[in-house]
Amino acid sequence: MTTTTTTSLFPLQAVLFPGGLLRLKVFEARYLDLVAECLREQRPFGVVALKSGSDTSRRNVEFETIGTMAELIDVDSERPNILQVRCRGMQRFSLAAPTQRDDGLWLAETTSWPDDEALAPTPALLPTVRGLATAIAALNNSGNGAPFLEPYRFDDAAWVANRWCEILPIPQLAKQKLMELTDPLMRLQLVDDFLRSKGVVK
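Position numbers for residues start from 1 in each chain and track the written sequence from start to end. Totals for whole chains, interfaces and linings use all residues, but because this is a predicted model, local features are given only for residues with pLDDT of at least 70 and pairs of side-chain atoms are given and counted only at 80 or more. Note that the side-chain values use all heavy atoms of the structure and ignore hydrogens as well as water.

Next up on the list: the overall build of the chain. Under the scheme used here, helices are H or I runs from DSSP no shorter than 4 residues and strands are E runs no shorter than 2 residues, and both carry numbers assigned from the N terminus. Along its length, the chain carries five helices and seven strands. Ordering the α and β elements of the chain from the N terminus gives β-β-α-β-β-β-β-β-α-α-α-α. Each radius of gyration reported is based on C-alpha atoms, and the globular scaling rule is 2.2 Å times the count of residues to the power 0.38. Taken against the 2.2 N^0.38 rule, which gives 17 Å for 202 residues, the C-alpha radius of gyration of the chain at 17 Å falls within 12% of a compact globule. Across its three principal axes, the chain shows a C-alpha extent of roughly 55 × 35 × 30 Å. Using a 1.4 Å probe on the protein chains alone, a residue whose accessible area is under 20% of its type maximum counts as buried, one over 50% counts as exposed, and one in between counts as partly exposed. When the 202 residues of the chain are sorted by exposure, 45% land in the buried category. Shrake-Rupley sampling with a 1.4 Å probe provides the accessible areas, and residues are treated as covered by the protein chains on show and by no other component. Taken as a whole, the chain presents about 10,600 Å² of accessible surface, with 53% of it coming from carbon and sulfur. Averaging the positions of the 22 positive and the 25 negative side-chain charges in the chain gives two centres separated by 5 Å. Residues scored as positive are Lys and Arg, those scored as negative are Asp and Glu, and His as well as the terminal groups of each chain are ignored. For the purpose of locating charges, the reference atoms are NZ of Lys, CZ of Arg, CG of Asp and CD of Glu.

Right under this line is the structure:
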């Protein structure tokens with residue numbers, strides 16, 4: 001079921017995927033207030049990638065039209081007025097008519113998308129699934145902390161594709177287009193094609 005509502009936005013030079021882990025360092029007053037409101041009201045906020053401009057500008061700023069809701073996992077305050085925030089990517093949404101409040105916070109009318117269908121990777125895509133398991137093990141041993149939230153869902157094509165998309169060295173626009181795909185098997189197939197072209201998967 002889809003719903004339409006007014007959503008507070010957190011624009012980034014990045015793409016958030018459903019199920020993804022997002023770490024934020026929050027220090028601007030408008031976003032400190034946003035985090036406080038979301039904690040108090042137990043609601044998510046919308047993450048949307050910037051196409052052009054800066055979210056601090058009231059001119060020449062353009063957002064992608066598809067974003068992802070972010071749910072707060074935990075919030076730490078090591079220093080006054082600076083928050084270390086961890087979020088989980090949730091449902092995707094389409095947005096329209098973004099407006100900026102006097103305090104600089106962006107709002108938009110958003111319509112939620114249905115979750116990806118839970119589909120198992122096809123046999124031809126299993127090398128890419130195994131490749132992700134290997135990459136996760138290497139990343140976990142790198143000393144930088146686990147890159148993904150558990151549980152790991154290697155039997156879910158969308159989950160595997162999304163996690164690969166988060167760590168692949170591809171442009172933001174490519175990640176955006178992959179996130180927008182409504183066919184999770186197609187998304188995973190495109191990831192598989194890329195990994196094979198680079199010799200990562202054979």
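Before going further, it helps to examine the packing of aromatic side chains. Stacked, edge-to-face and tilted are the three classes for Phe, Tyr and Trp ring pairs, Trp counted by its six-membered ring, which pair at centre distances within 6.5 Å; planes under 30 degrees apart are stacked, over 60 edge-to-face, the rest tilted. All chains considered together, the criterion is met by seven aromatic pairs. For the pair Phe 10 and Phe 45, a centre-to-centre distance of 5.9 Å together with 40° between the ring planes defines the contact as tilted. Linking Phe 10 in strand E1 (residues 4-12) with Phe 45 in strand E3 (residues 45-52), this pair joins segments that are 35 residues apart in sequence. Judged by its relative accessible area of 7%, Phe 10 falls in the buried class. Its relative accessible area of 1% is what places Phe 45 among the buried residues. Each residue in the set Phe 148, Tyr 152, Phe 154 and Trp 159 is aromatic and connected to the rest through ring pairs, giving one cluster.

The pairing criterion for strands is at least two bridges between them, as found by DSSP. One ladder, built from three bridges, connects E3 with strand E5 (residues 66-79); its direction is antiparallel. Looking at E5, one finds that Val 47 is bridged to Thr 68. Counted along the chain from E5 to the antiparallel partner strand E6 (residues 82-100), the turn is two residues long, and its residue Asn 81 has a positive phi close to 65°.

Attention now goes to the environment of Leu 168. Relative to the assigned elements, Leu 168 resides in the loop between helix H3 (157-167) and helix H4 (172-180). Considering only alpha carbons, one finds Leu 168 and Asn 60, 108 residues apart in sequence, at a separation of 29 Å. Contacts were defined at the residue level, with two residues in contact if any of their heavy atoms lie within 4.5 Å. Excluding its chain neighbours within four sequence positions, the residues that come into contact with Leu 168 are Lys 175, Val 191, Phe 194 and Leu 195.

Take unusual backbone geometry next. Omega for the bond connecting Glu 150 with Pro 151 falls within 30 degrees of zero, at 5°, which places this linkage in the cis form. Along the chain, Pro 151 falls in the loop between helix H2 (126-140) and H3. One non-glycine residue, Asn 81, adopts positive backbone phi at about 65°. For Asn 81, the location among the structural elements is in the loop between E5 and E6. Residue Asn 81 is classed as exposed on the basis of its relative accessible area, which comes to 59%.

Glancing now at the environment of Cys 165. Examined against the element boundaries, Cys 165 turns out to sit in helix H3. Sequence spacing of Cys 165 and Pro 114 is 51 residues, and the spatial spacing of their C-alpha atoms is 20 Å. Apart from the residues within four sequence positions on either side, Cys 165 is in contact with Phe 17, Lys 175, Leu 178, Arg 187 and Val 191.

Moving on: the nonpolar core. Leu 132, Val 160, Trp 164, Leu 168, Leu 188, Val 191 and Leu 195 are the most contacted members of the largest nonpolar core, which has 25 residues in total. Of all elements in the fold, only H2, H3, H4 and helix H5 (184-197) reach the threshold of two or more residues within this core. In terms of residue count, H3 provides more of this core than any other element does, six residues in total. Look past the residues within four positions of Leu 195 in its chain and what remains in contact with it is Thr 128, Trp 164, Leu 168, Val 200 and Val 201. Tyr 31, Leu 34, Val 35 and Cys 87 belong to the second largest nonpolar core, which has 20 residues in total. By convention a nonpolar core is built from buried Ala, Val, Leu, Ile, Met, Phe, Trp, Tyr and Cys residues, the set being connected through side-chain atoms within 4.5 Å.

This part covers the environment of Pro 171. Note that Pro 171 resides in the loop between H3 and H4. On the basis of relative accessible area, Pro 171 is assigned to the exposed category, the value being 55%.

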